[in-house]
Amino acid sequence: MGQMAASLAHELRNPLGSMDLYCSLLHKDLVDQPSSRELLEKVQQGIRLLDGIIRNCLQFSRDIRLRPEHIEDIEPFLDDVVESARLGTGCKDVVVSIEVAPGSLYADRSALSQIVNNLVRNAFEAAGEKAGGEVVISAGPTDICYRIIVSDNGPGISEELLPNVFEPFVTAKRQGTGLGLSVVHTLVAAHRGQVSINSALGKGTSVTVEFPDEFLETGTD
Ligand SMILES: Nc1ncnc2c1ncn2[C@@H]1O[C@H](COP(=O)(O)OP(=O)(O)OP(=O)(O)O)[C@@H](O)[C@H]1O
Ligand SMILES: [Mg+2]
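Just so you know, these numbers come straight off a predicted model, no measurement behind them.

**Examining the domain arrangement of the protein chain**
Partitioning the protein chain into structural domains gives domain 1 (2–60) and domain 2 (70–212). Listed as interface residues are 13 residues of domain 1 and, on the opposing side, 21 residues of domain 2. Roughly 1,400 Å² is buried in total at the junction of domain 1 and domain 2, and carbon and sulfur atoms are behind 54% of that figure. At the junction of domain 1 and domain 2, the tally comes to one salt bridge. As a salt-bridge pair, E41 and K92 come within 2.8 Å of each other at their nearest N and O atoms. Applying the counting criterion to the domain 1 and domain 2 interface returns seven residue pairs in polar contact (both at pLDDT 80 or more). Class assignment of the residues belonging to the side of domain 1 that touches domain 2 gives a composition of four nonpolar, five polar and four charged.

Take a look at the structure:
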C-alpha cells in the first residue's frame, strides 16, 4: 500500500507541476486583465494546496532518505517559500519579515523545503484570519545548532489542542489533513534536530526548529 501511495503521489505531482507552470506563464500574459488574473490565482492556489497535501502524504508513507549538504545562503530559499505560501493560501495582505544571520545550515534541501513550507503555510493561514496579520521568519546559527523560528500573530492554539499538534491527522481546519506538523516533526527528527511550539490564544504562535551542525547517520529514521 505504501509503495502504491508513493507511486500514485509521484504521478499526481508531475501534471500538477506543469499546471502550476502554465498558470504562471498565463499570469504574465494577462497583465492588463486583473479579474482574469484573480481567477487564475485561485486556480493556482488550488494546485499548490493539492501539491502540498500530496507531498505530505508521500512523506508520510515512505522511508526517509536524506541527502544533507551545507546550505550557505538560505535567504533566497526563504523568499521562495514565502511567495509560494502567499500564493497557496491566498493571503495577500499578510506582512512578512525575514531576518537571516550569516552562517550555514546542514540539511537535506528537499526536506528543508517541506519543513519550512508547512510552517510558513500554517503561519499564513493563522495570520491571514484577521487584518494586520504578520509573519516573522528568523534564521541563523547558535553555539550548537542552526535555528529557524516561524512566528505569527494569528489566533493561537488552544491548550487542549497544543499537546497533540504533532500527531498525524490532528487538524482544526476545514480543509486541513493534519499531516503538516507531523511531517515537520518526522523530518526534523531525521536530521537529529528538535522542534518546539509556543502559542498563546489571541496572541499568536511561534515554532522553533533546531538543526544540529552535523549529523552522521543518514537513511531511515
Ligand atoms: N501557526 C499556527 N497558528 C494557529 N494554529 C496552528 C498553527 N500551526 C498549527 N496550528 C494548529 O495545529 C493543527 C495541525 O497543524 P498541521 O499543519 O499539522 O495540520 P493542518 O494545517 O490542519 O493541515 P495540513 O497542514 O495538512 O494542511 C492545525 O489544524 C491548527 O489547528
Ligand atoms: Mg498545516
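**Describing the sheet that holds strand β2 (residues 95–100)**
Spatially, the five strands line up as an open sheet ordered β2-β4-β5-β7-β6, and their pairing is mixed. Edge positions in the sheet fall to β2 and β6 (194–200), since each has one partner strand and no second. In this sheet, adjacent strand axes meet at a mean angle of 10° when their direction is disregarded. Contacts from helix α4 (residues 109–127) reach β2, β4 (134–141), β5 (145–152) and β7 (204–212) within the one sheet, and its direction differs from that of β5 by about 25°. In this fold helix α5 (residues 180–190) packs onto β6 and β7, with an angle of close to 145° to the strand it touches most, β6.

**Section: α4**
Since the α-helix turns once every 3.6 residues, residues separated by three or four places project in the same direction. Between its terminal C-alpha atoms α4 stretches 26 Å, which fits the 27 Å expected from 19 residues at 1.5 Å a residue. The element α4 is largely enclosed, with a buried count of 14 among its 19 residues. A side-chain oxygen of the first residue of α4 lies 3.0 Å from the backbone nitrogen of S110; this N-cap is D108.

Definitions and cut-offs
Residues numbered from 1 in each chain as written. Chains lettered and ligands numbered in written order. Predicted model: local features only at pLDDT ≥ 70, side-chain atom pairs only at ≥ 80, totals over all residues. Heavy atoms only, no water. Domains from an automatic or database assignment. Contact = heavy atoms within 4.5 Å. Buried area = accessible area lost by both parts, 1.4 Å probe. Salt bridge = Lys/Arg side-chain N within 4 Å of Asp/Glu carboxyl O. Polar contact = N/O pair within 3.5 Å; in protein donor to acceptor, adjacent residues only side chain to side chain. Nonpolar A, V, L, I, M, F, W, Y, C, P; charged D, E, K, R; others polar. Pairing = 2+ DSSP bridges. Helix = DSSP H or I, 4+ residues; strand = E, 2+ residues; numbered from the N terminus. Axes fitted to C-alpha atoms, helices over the stretch in contact; angles between N-to-C directions. Expected span 1.5 Å × (residues − 1). Buried < 20%, exposed > 50% of the residue type's maximum accessible area, 1.4 Å probe, protein only.

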